Amino acid sequence: MNIFDGIISGFFIALTPGNLLFAFLGALIGTAVGVLPGLGPAATIALLLPITYSIPSPVPAVIMMAGIYYGAMYGGSTTSILLNLPGEAASVVTCIDGYKMAQKGRAGPALGIAAIGSFIAGTVSVVGLTLFAPPIAEFALSFGPPEKFSLALLGLLMAVTLSGDSITKGLVVMVLGLLLSAVGIDPISGKSRFDFGVTELQSGFDFVTIAVGVFGLGEIAYNLEREGSVEIITTKVGQVFPKMADWAKSRLAILRGTLIGFFIGIIPGGGAVISSLVSYAVEKKISRHPEEFGQGAIEGVAGPESANNAASSASFIPLLTLGIPGNAAIAMIFACLLIKGVKPGPFLIVEHPDVFWGVIASMYVGNIMLIILNLPLVGVWVQLLRVPYGILAPVVILFTAIGSYSIANQAFDLYALIAFGVLGYVLRRLKIEAGPLPLAFILGPMIEGSMRQSLLMSGGSFLIFVSRPISFTIVGLFTLFVLGQVVFAVRRARRSPKIETAV
Amino acid sequence: MSRGENIANLVTIALGVFVAYHSYHSLKLGILISPGAGFMPFLCGVALMVLGIFWRIQAFLLKPSRHADRFHDAQVVEGTAETSAGLRPRVKLCLAFVTTLAYAFLFERIGFLLSTLVFMLGWQMLVERERWLKSIIITALCAAAMYTLFRYLLRVELPSNPLFS
Amino acid sequence: MKRILVSSIIFTLVAVLMVGGTASAQDKFPSKPITVIVPFSAGGSTDLLARAVEKTWPKYSPQPLVIVNKPGGGGVVGTEFVVRSKPDGYTLFLGYGSGHDVVMPHLQKMPYDPYKDLVAVSRLSIHSVVICTGAKSEFNSIKDMIAWAKKENKPVTSSVSTKAGAVDISITALGKEAGINIVTVPFAGGADAVTTLAGGHVMIGGGHPSEVMPHIKAGRFKPLAVALPERDASLPNVPTLKEQGVNVYTWGSIKGVAAPAATPKEVVDFLDATFKKVCGDDEFKKMMVDLDQPIMYQNSAAFAKFLQQAYGDYGKLIKDLNISIQ
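This report concerns the structure included in the present document. (Residues numbered from 1 in each chain as written. Chains lettered and ligands numbered in written order. Predicted model: local features only at pLDDT ≥ 70, side-chain atom pairs only at ≥ 80, totals over all residues. Heavy atoms only, no water.)

### Structural notes on the sheet that holds strand 1 (residues 34-38) of chain C
Residues and elements named next belong to chain C.
Inference 1: Strand order in the open sheet formed by five strands is 2-1-3-10-4, and the pairing between neighbours is mixed. A strand with exactly one partner marks an edge of an open sheet, and here the two such strands are strand 2 (65-69) and strand 4 (118-127). Pairwise comparison of adjacent strand axes, ignoring direction, gives a mean angle of 25° for this sheet.
Inference 2: Where strand 3 (residues 91-96) lies against strand 10 (residues 253-260), three bridges are found, and the strand directions are antiparallel. The residue bridging Tyr96 from the neighbouring strand is Gly256, located in strand 10.
Inference 3: Contacts between helix 2 (residues 45-56) and the sheet are confined to strand 1, strand 2, strand 3, strand 4 and strand 10, with strand 2 contributing the most and set at about 165° to the helix.
Inference 4: Against the sheet, helix 3 (residues 76-83) contacts strand 1, strand 3, strand 4 and strand 10, and its axis sits at roughly 145° relative to strand 3. (Pairing = 2+ DSSP bridges. Helix = DSSP H or I, 4+ residues; strand = E, 2+ residues; numbered from the N terminus. Axes fitted to C-alpha atoms, helices over the stretch in contact; angles between N-to-C directions. Contact = heavy atoms within 4.5 Å.)

So this is what it looks like as structure tokens:
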């Protein structure tokens, strides 16, 4: 059947009361659990997967899982903005400006624009998925190790733009993140690195422990030390939604974020993180007031949030068309489908068109549901900040501790969490932006692994990174970017020789 | 360079040296066709050393100009300046740290519920200096809520009290 | 007065919660859900097997299974977790007999002993190693590949799931036996490796039937050989390496269930019996056919013996062909 017939039939399936209910339930549960600091989409789906076993037909089951996935992503942004607690890698960038906005009393607009941006990005991306899925999927396949390396390196480079005033210090933090990712058993050689005899270190650190420790706990520690009781300013309900000015500023950021997220999100592995980084960097570069970034620029929330939502939707493409799960959460959905006897892959559209189109249609529906759910809730979330810090802080610590503990059921992770909290506190006190750390941590294995795989493939030649067209393009892009930075810095230094700001 | 930054800088350089050495010696750099486990960490170690030195140089260059100092100070947004406003905030932070550490220590030893109670109670009384009645109420409610959430709603496996089982 | 009343009420509530919350260990096994650790990522062949079992299990047991993925170190991370957990039968390891149990101990030091620290519960399946190449590749058989390598004197690149896993060793052995240079490129698991082959980034790739079948059916892969002593039932048209003149066979990746060594025998036997029932279940059989995984149940004692044999076979292969990792 052609695309239009397919989509219409899909809507017929998605809009049945039963499936609508499943979509709603999924979105609700996903948001509720995603809001809990430390539980990202993959963990949420893992927890809730067994519930879908009792649902006989695959269509409602997958619809529910997709709802959970989106819901969890929305929920993750909420904690990033309100509490500086990233739910998963793709939300880290949202913390940077989102939390600053919350501190300035603009939590409502931040949450609002995140919801709106995510909705637009999600919807546009599903349209893209509908129209262009097969050729895009083939494109995704052409990303082999050299391309992944170049892309991850590009992402890392973009992460430098998060480093605030001092690039040198930002780079130090980034390298630290890379080193932390090297702790544990090296997958390519099988050797255990930097474990110093401590067994628990052999599995390496978990992203959640690091991100939540450095960002969340570090922030709490810093707040505790301030004189007087900490009042996170709240505003009256009236100012809870974004103002027209906010919307005007964010419109294009959302559009750009969507495009960036869609294309980068298709690539299996790391797509959402890299797309949020690229979006942030692009917004900062294009902006007429780049100094606002890091202090609460709404574009710094709108862009990355749209990017990571577009990437989430796009990550369904390799699953539905090729049968390749792009990340851990999608892998769970993949497993769910297989258990129900549906094999995602090139034949899915032929063998089970109801699943294929039903899922796509329910993604539209899911996006709408989420925005209906979340916009009114923005007011509620903001009230959460009214809870006295004396209760909020320890409760957050408890949640993050339990979240960290349940990763491996070992007390060691609690100590690790505290240690990272200390690190976060130290960075905060030294006015060093911690953003690059968890991002480098996530990208580290991708960079190192892909590099070594590429060298194995090429027999030791570094030429492989430029001899292949896609990789060459990416390398070209970031050479231009670096050159641009250098030229810019030189010009700035020449113009004002007295003020020697750290470059 | 403030004292804190100075220490951080030295730690960075020292860490760089250590990592580079360890990577070279124990982890092996491998050959180009197949970089060993130590390859990337070695590069990171070297990067840390270089960056640390660069950092120091930049800080040194920043000093002479008084204009730059004022500019730098004006940029301090939330006051890293040592608060002369008394010991209380520092003590509070230390107590919070100790309480959290105690939680980590007790978590597996006396079980989730008890350690959460101890933590919350400790926090209310030591860190927040609340009255004991209010502390107990807050503690009980929070602990009950969290327990219900994690044990029954989410079915997460958490350590129970070994004294009872 | 009021204070004392209020606080005693609260303390009572709390005490009740404390006592009521702990599960009594005197109940009959199993009295709470059983955690099954899969030391590989979600969506991989082992994970899918685990989930098929998880779905069928409630029919034969009062308590469900809970699957937890703990990937890392080629399987070592998750397995070690099970080794160090309480031997009460509530934490199990699924995937026993995979590369990290039968191959890795020959090549590097392990943080535990897979045979002393674990007890075999049941064997569920065997995932053979299938060697494939892209549909557009010029190779149509192993002979073609060997001829090409010898003529061009260039290495053949192959994607494999993990370093020193069953797939890696099988392909490395093939290379050594045939006298050609095969460079194995390890990835983060079977799905990742197979995807890379699908993208045409490597010349050949090894994988398990459930991973490669979808791509073979889609016309993206050409199967070249299977590394078993005899042909695999799910791929009856694919010749073995032996048939093509390369005298190498391996047992592939064995998938069974294990528990910490000190687990009581009654518990192990109970679990074994339940797994046997699962393997005989019709719904389970259908799921396994869909997954392209053969059901090969063996009970605890037979499985333990089989593992020792497989371990020995791998050891011999490694020694004979002088395989090592740098």
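### A few points about the pattern of salt bridges
Residue and element names in this part refer to chain C.
Inference 1: Inspection of every chain in the model, using the stated rule, returns 19 salt bridges over all chains.
Inference 2: The residue Asp281 makes a salt bridge to Lys59 at a minimum N-O spacing of 3.1 Å. Highlighted residues: Asp281 in the loop between helix 10 (265-280) and helix 11 (282-290) and Lys59 in the loop between helix 2 and strand 2, separated in sequence by 222 residues.
Inference 3: Overall, Lys59 belongs to the partly exposed group, its relative accessible area being 47%. (Salt bridge = Lys/Arg side-chain N within 4 Å of Asp/Glu carboxyl O. Buried < 20%, exposed > 50% of the residue type's maximum accessible area, 1.4 Å probe, protein only.)

### Details of the interface of chain A and chain C
Note: interface size is frequently given as the accessible area lost on complex formation between the parts.
Inference 1: Facing the 39 residues of chain A at the interface are 42 residues of chain C.
Inference 2: Of the roughly 3100 Å² buried where chain A meets chain C, counting both sides, 65% is carbon and sulfur surface.
Inference 3: In this assembly, chain A and chain C are joined by one salt bridge.
Inference 4: Its salt-bridge partner being Lys148 of chain A, residue Asp192 of chain C comes within 4.0 Å of it at the nearest N-O pair.
Inference 5: Counting the contacts that link chain A with chain C gives five residue pairs in polar contact (both at pLDDT 80 or more).
Inference 6: For the side of chain A that touches chain C, the element with the highest residue contribution is helix 14 (residues 328-339) of chain A, accounting for six residues.
Inference 7: Of the residues that constitute the side of chain A that touches chain C, the class distribution is 23 nonpolar, 10 polar and six charged. (Buried area = accessible area lost by both parts, 1.4 Å probe. Polar contact = N/O pair within 3.5 Å; in protein donor to acceptor, adjacent residues only side chain to side chain. Nonpolar A, V, L, I, M, F, W, Y, C, P; charged D, E, K, R; others polar.)

### Some thoughts on the side chain of Thr31 of chain A
Inference 1: Position of Thr31 of chain A among the secondary structure elements: in helix 2 (residues 17-35).
Inference 2: Those residues in contact with Thr31 of chain A that sit more than four places away from it in its chain are Gly71, Ala72, Gly75, Leu370 and Asn374 of chain A.

### Some points on the pairing of strand 5 (residues 130-134) of chain C
All names here are of chain C.
Inference 1: In terms of burial, strand 5 is a largely internal element, five of the five residues being buried.
Inference 2: Of the pairings in the sheet, the one linking strand 5 to strand 8 (residues 204-207) comprises four bridges and is antiparallel in character. Looking at the pairing, Thr133 lines up with Ile204 of strand 8.
Inference 3: Both strand 5 and strand 9 (residues 221-226) contribute to a ladder of five bridges, which runs antiparallel. Each residue of the ladder has a partner; that of Val130, found in strand 9, is Val226.

### Notes on the interface of chain B and chain A
Inference 1: Opposite the 70 residues of chain B that make contact, chain A presents 70 residues.
Inference 2: On the surface where chain B and chain A come into contact, there are one salt bridge.
Inference 3: There are three residue pairs in polar contact (both at pLDDT 80 or more) connecting chain B and chain A.
Inference 4: Counting only elements with at least two residues in the side of chain B that touches chain A, the list comes to helix 1 (3-27), strand 2 (34-35), helix 2 (39-62), helix 3 (66-74), helix 4 (88-110), helix 5 (112-127) and helix 6 (132-153) of chain B.
Inference 5: The greatest single-element share of the side of chain B that touches chain A, amounting to 13 residues, is contributed by helix 4 of chain B.
Inference 6: Here the side of chain B that touches chain A is composed, by residue class, of 45 nonpolar, 16 polar and nine charged.

### Description of the packing of aromatic side chains
Inference 1: The final tally for this structure, using the stated rule, is 25 aromatic pairs over all chains.
Inference 2: An angle of 65° between the planes, with centres 5.7 Å apart, marks the rings of Phe139 of chain C and Trp148 of chain C as edge-to-face.
Inference 3: Phe139 of chain C gets classed as buried once you look at its relative accessible area, which sits at 3%.
Inference 4: Given a relative accessible area of 15%, Trp148 of chain C falls into the buried group.
Inference 5: Counting every residue linked through ring pairs, the aromatic cluster contains Tyr405 of chain A together with Tyr103, Phe107, Phe112, Phe119, Trp123 and Tyr147 of chain B.
Inference 6: Its guanidinium or amino end placed over the ring of Phe105 of chain B, Arg109 of chain B lies 4.0 Å from that ring's centre, counting from NZ or CZ.
Inference 7: The aromatic ring of Phe306 of chain C is capped on one face by Arg123 of chain C, whose charged end is 4.5 Å from the ring centroid. (Phe/Tyr/Trp six-rings, centres within 6.5 Å; stacked < 30°, edge-to-face > 60°. Lys NZ or Arg CZ within 6 Å of the ring centre and 35° of its normal.)

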